[in-house]
Amino acid sequence: IYHILKEYGFNVGLGGNIGKSFAKQVAEEAHDFYVLEVSSFQLDDIQNFRPYISLLLNLSKDHLDQYNYDYEEYALAKFRITENQDQDNFFIYNKDDEMSQKILEKLDIKVTKLPFSMTEKLENGAYATDEDLIININDGLKIKIDELSLMGKHNVANSLAASIAGKLLNISNDSIRNSLMTFQAVEHRLENVAEINGVKFINDSKATNVNATY
């Protein structure tokens, strides 16, 4: 999302859980938008935090020692990102994730919800076919999966979510498409190293637990 906004010409701050302080950026710099990765540990302590657009890409059984080894308690901590949002804000979520669906049925969330799916056609949201990303937001957008710069099914899902965010911010279709074609992943995360005698070597040493590797 940071790359999509930056390529379109916005002055964008990037931070949160990934190293650069959001508070310091607000204090010292002026940005059009801030793109933040926010961990469940950070969400445990929010009071007034209310993002214009929030996203929950997936859930897995990580960090359960922090949440009494209760997966649902951990999921509820993640869902606190929507706590202060209202109908003028947006929540992008993974419709294929069973725990997310379970939590959504329990909580009274006021935010405007926009799903994405890898398995189900959605008239309001985004989904993937075998060949295309289909974004049904505003005037719509269609992108060939083989044009994406990142490999892996999860990155197709991530691209669906990022495209929804781009459309909500009225970024042009051409700019979203070009950004997804040029985005480079961080080092050591599914990094294509070489192909030797028909064997493809991929550096995924960024994956620090079983779920990340999977």
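Preceding this paragraph is the structure being described.
In this text the structure is predicted, and so the values were computed from the model without any measurement.

**Some words on the overall build of the protein chain**
If you tally the helices and strands in the protein chain, you get eight helices and 10 strands. By the compact-globule yardstick of 17 Å for 214 residues, the protein chain fits well, its C-alpha radius of gyration being 18 Å. Seen through its C-alpha atoms, the protein chain measures out along the principal axes to roughly 55 × 40 × 40 Å. Expressed as a percentage of the 214 residues in the protein chain, the buried residues total 38%. Sequence separation of 24 or more characterises 51% of the internal contacts of the protein chain that already satisfy a separation of 6 or more. Side chains of the protein chain give 21 positive and 33 negative charges; the mean places of these two sets differ by 1 Å.

**Concerning the pattern of salt bridges**
Following the criterion strictly, the structure yields 10 salt bridges and no others. When the shortest N-O distance is used, the salt bridge between E72 and K106 registers 2.4 Å. Here E72, found in helix α4 (residues 71-79), pairs with K106, found in helix α5 (residues 98-106); they are 34 residues apart in sequence, far enough to count as distant. On the basis of relative accessible area, K106 is assigned to the exposed category, the value being 51%. The partner of D139 in a salt bridge is K167, and the shortest N-O contact between them spans 2.3 Å. Pair noted here: D139 is in the loop between β7 (132-136) and β8 (141-144) and K167 is in helix α6 (residues 153-168), with a separation of 28 residues, a long-range link. Here the salt bridges share partners, and the residues they tie into one network are E72, K102 and K106.

**Considering the pairing of strand β4 (residues 90-94)**
With five of five residues buried, β4 is to be regarded as a mostly interior element. Because side chains alternate across β4, one face comprises the buried residues F90, I92 and N94, and the other comprises F91 and Y93, equally buried. In terms of strand pairing, strand β3 (residues 53-56) meets β4 through four bridges, oriented parallel. Bridging from a neighbouring strand, L55 pairs with I92 of β4. Chirality of the crossover, the property in question, places the unit of β3, α4 and β4 among those that are right-handed. Of the strand pairs in this sheet, β4 and strand β5 (residues 112-117) are connected by five bridges, and their pairing is parallel. Looking across to β5, one finds that F90 is bridged to T112. In the classification by handedness, the crossover that spans β4, the intervening α5 and the parallel β5 is right-handed.

Rules and cut-offs
Residues numbered from 1 in each chain as written. Predicted model: local features only at pLDDT ≥ 70, side-chain atom pairs only at ≥ 80, totals over all residues. Heavy atoms only, no water. Helix = DSSP H or I, 4+ residues; strand = E, 2+ residues; numbered from the N terminus. Rg over C-alpha atoms; globule rule 2.2 N^0.38 Å. Buried < 20%, exposed > 50% of the residue type's maximum accessible area, 1.4 Å probe, protein only. Contact = heavy atoms within 4.5 Å. Lys, Arg positive; Asp, Glu negative; His and termini not counted. Charge placed at Lys NZ, Arg CZ, Asp CG, Glu CD. Salt bridge = Lys/Arg side-chain N within 4 Å of Asp/Glu carboxyl O. Pairing = 2+ DSSP bridges. Right-handed = clockwise from strand over helix to strand, strands pointing away.

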